[in-house]
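Single-letter residue listing:
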Amino acid sequence: MTEPPPPLARLRVGVIGDPVAHSLSPAMQQPALDALGIAANYVLWPTTAEGLPGRIAGLRAPDVLGANVTVPHKRAVMALLDEVNPLARRAGAVNTILRRDDRLIGENTDIAGFATALGAVCRDAEDRRALILGAGGAARAVVLALESLGVSRIAVANRTTSRLDQLIADLAPTPVARVEYDDTALRRALSDATLLINATAAGWQPGESPLPLDLLGALPVDALVVDLTYRETDLLAAARHLGLTTLDGLPMLVRQGARSLELWTGHKAPVDLMMAAAGAARDARAATH
Ligand code: NDP
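Residues numbered from 1 in each chain as written. Predicted model: local features only at pLDDT ≥ 70, side-chain atom pairs only at ≥ 80, totals over all residues. Heavy atoms only, no water.

Following the criterion strictly, the structure yields two aromatic pairs and no others. Pairing Tyr 42 with Trp 264 gives two aromatic rings, centres 6.3 Å apart and planes at 45 degrees, and the pair type is tilted. Of this pair, Tyr 42 sits in strand S2 (residues 40–46) while Trp 264 sits in helix H9 (residues 250–265), placing them 222 residues apart in sequence. Taking the relative accessible area as the measure of exposure, Tyr 42 reaches 6% and is therefore buried. Overall, the relative accessible area of 7% leaves Trp 264 in the buried class. (Phe/Tyr/Trp six-rings, centres within 6.5 Å; stacked < 30°, edge-to-face > 60°. Helix = DSSP H or I, 4+ residues; strand = E, 2+ residues; numbered from the N terminus. Buried < 20%, exposed > 50% of the residue type's maximum accessible area, 1.4 Å probe, protein only.)

Right, here's the structure in full:
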């Protein structure tokens, strides 16, 4: 009697960052891989700055499908790849790595993720006047996403002016208006904005906000307020209290993950399943914190 063949080894895909324990990606990617019938495990790859070159070299192993990259490595990882998509290079951030013929390629799915999430709730994006708070990797992705949606009036405010100057220089010729990060300038910019986006890291904790919440009263009544934080924030609660429409960061998170999955596998991502799984994981985590 012949022995049955050994089971095929499962593929690996994971998220590289420091820390990664809080990541919702495994909770939405694993059920999606299972639903597509792809024998792969989505795992956490906690990685220090010193360990990053070794981690990236490890992605060349034949059983690796690809990787996500998160804080703080989205920029540093670019120098370790064979190729970086031009849009990701403009954003100055890679959040997805795939392997093609032994070459590691960097992509930025935050851009399409934000554009798709916003487009789903905002049919008139190209007519909106956007004010973005923050000038990090996420803010850059948002600027490029808004440009792809045809938004022509984009203003950015950031606490550290040198970082904002760098964003404007790096994203040229995309026109980005500069707003000072003081109450007077913010109030004036808010009164002219019909789309406010918090792309700062401020908002994860109760009592934390990227700007004084009373300034939100300056927004026009038809303004949409978006927070990239993928949970309820003081900013979103205050905006809703004023009767404004809001969107949190979960749809963006899911859409960027769905795009990554499509790049790794070539299959259409089960977005509804990923949305439900990510939402359940987020809510379960909120209940225990
Ligand atoms: P970065 O570290 O690159 O940038 C952080 C930004 O936040 C900087 O502009 C920084 O300003 C600003 N900031 C931090 N603290 C404060 C504060 N107290 N007040 C005002 N501004 C502040 O981070 P990322 O751009 O990668 O991420 C930004 C946020 O977006 C994070 O919360 C992240 O979780 C979220 N995100 C969500 C995604 C999603 O899918 N929903 C995808 C990617 C990111 P300064 O320059 O002055 O330090």
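Across all of its chains, the model carries 15 salt bridges by this definition. Put simply, Asp 82 and Arg 60 hold a salt bridge, and the shortest N to O gap is 3.0 Å. Here the residue Asp 82 occupies a position in the loop between strand S3 (64–69) and strand S4 (83–84), and Arg 60 occupies one in the loop between helix H2 (52–58) and S3, the gap between them amounting to 22 residues. The class of Asp 82 is partly exposed, set by a relative accessible area of 33%. Assessed through its relative accessible area of 35%, Arg 60 is described here as partly exposed. Its salt-bridge partner being Glu 83, residue Arg 103 comes within 3.4 Å of it at the nearest N-O pair. (Salt bridge = Lys/Arg side-chain N within 4 Å of Asp/Glu carboxyl O.)

As a further point, take unusual backbone geometry. With omega at 10 degrees, the peptide bond leading from Asp 18 into Pro 19 counts as cis. Relative to the assigned elements, Pro 19 resides in the loop between strand S1 (11–17) and helix H1 (25–35). If you check the backbone angles, Asp 101 has positive phi at about 50 degrees while not being a glycine. Given the relative accessible area of 75%, Asp 101 is considered exposed.

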